[in-house]
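Examination of the molecular architecture
Spelled out, the chains give:
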Amino acid sequence: MHAQDTRMFIEAAEAPALVAAQLAANADIVARAAEHLRRNLPTAALICGRGSSDNAGVFARYLIEGETGVLTSPAPLAVSSVYGRTPRIEGGVCLAISQSGKSPDLVAAATAAKAGGAFVIALVNVEGSPLSDVADLTIPLRAGPELSVAATKSFIASLTAIAHLVAEWTQDDALRAGLAALPAQLEAAWSQDWSAALPTLKAANNLYVVGRGGGFGAAREAALKLKETCGLHAEAFSTAEVRHGPMALVKTDFPVLMLAQSDVTREDAEDLASAFAARGAKVMLSGHPGDPRVISLPTTAGHPLLEPILLIQSFYGLAARLSVARGYDPDQPPYLNKVTETV
């Protein structure tokens, strides 16, 4: 099996074109959603998602809270779906993110948020899904059919839709320009060669994936993909949190993959990479760290808020190759299905 022949690889390669199409097709609906949010500034924002969509929610949390000042929190889905409670979120907004729009716990959480007074916006790939039926407004992801169990293009479509909504909500011209440039930058990111990480990751059993800000959502997504497609026990941490208890495990030859964007978190990431390397860890860092002990993974520059999207696109190519190198089929992870319906 060649990585380039897998559905995971082929679908991830489609991301640049679908992002361009999504941005154009969603212009009107996103403008309407943004106008509603400006006229009715939310008291708070609740984010609902599972799996890769939950990781997209982490990205959304940093963008919404960082760019609008609206307090944003992930929803504990079981509070609604298992315990039957309704959150009090009068005047708030609920952002529900899903590829299929079918998981009962996600639909229950969105339904409860609406009953609790929230305006529900669904970001969903399957239009006409149960989640869309609940939502006050649906922003289609427009990723097209995704056959690989491992989500790739739908995750990138989710992040792009979130950034599009925030750009219009805040009327940020720089972010709008960054989105316009994103499809070409995704093409460049897909061409980046991260094979320098293959020897370390092929031999690994455990590793940390580290990021911060919007990059933490990308780190969580990378850790999930390493688990499901490569059989690797990967844990995601922020550059701050890993310095507490988890730092104790980082010793000689311990692998650390760091996804750092070029914003105010970059210097801290480089300092942490050097600290890991000083302990003898095998550190792989996106961009050029300036520390010869750290493996550099080439990156594509973009708007700092959007660079996590470019980083995960480069990572997907690595993950598909690593999965095959470790003897796995990334399209058929053991014990997993494309649509996971939890309660």
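First things first, this report covers the structure right here in the doc. (Residues numbered from 1 in each chain as written. Predicted model: local features only at pLDDT ≥ 70, side-chain atom pairs only at ≥ 80, totals over all residues. Heavy atoms only, no water.)

**Let's talk about the packing of helix α9 (residues 173-190) against helix α13 (residues 307-325)**
- Relative orientation of the contacting elements α9 and α13 amounts to 35°, with a least axis distance of 8 Å. The handedness of the crossing between α9 and α13 comes out as right-handed. The segment α9 lies against α13, with Leu182, Gln185, Leu186, Ala189 and Trp190 engaging Ile309, Leu310, Gln313, Ser314, Tyr316 and Gly317.
- When its residues are assigned to classes, the contact of α9 with α13 shows 7 nonpolar, 4 polar and no charged. (Axes fitted to C-alpha atoms, helices over the stretch in contact; angles between N-to-C directions. Helix = DSSP H or I, 4+ residues; strand = E, 2+ residues; numbered from the N terminus. Left-handed = near helix turned anticlockwise from the far one by under 90°. Contact = heavy atoms within 4.5 Å. Nonpolar A, V, L, I, M, F, W, Y, C, P; charged D, E, K, R; others polar.)

**Details of the environment of Ala113**
- Looking at the secondary structure, you find Ala113 in helix α6 (residues 104-115).
- Along the primary structure Ala113 and Pro87 are separated by 26 residues, whereas in three dimensions their C-alpha atoms are 6.0 Å apart.
- With sequence-adjacent residues up to four places away left out, Ala113 is seen in contact with Leu46, Pro87, Ile89, Cys94 and Ala118.

**Let's talk about the side chain of Glu168**
- Position of Glu168 among the secondary structure elements: in helix α8 (residues 153-170).
- Among the residues examined, Glu168 registers a relative accessible area of 19% and is labelled buried.
- At a separation of 3.0 Å, a polar atom in the side chain of Glu168 contacts the side chain of Arg176.
- Residues in contact with Glu168, not counting those within four places in the same chain, are Val30, Ala34, Arg38 and Arg176. (Buried < 20%, exposed > 50% of the residue type's maximum accessible area, 1.4 Å probe, protein only. Polar contact = N/O pair within 3.5 Å; in protein donor to acceptor, adjacent residues only side chain to side chain.)

**Details of the sheet that holds strand β3 (residues 93-98)**
- Spatially, the 5 strands line up as an open sheet ordered β2-β1-β3-β4-β5, and their pairing is parallel. Two strands bound the open sheet, and with one partner strand each, they are β2 (72-74) and β5 (137-140). Geometrically, the sheet is characterised by an average inter-axis angle of 20° between neighbouring strands, direction not taken into account.
- Sheet topology places strand β1 (residues 45-48) next to β2; 3 bridges connect them, and they run parallel. Of the residues in β2, the one forming a bridge with Leu46 is Ser73. (Pairing = 2+ DSSP bridges.)

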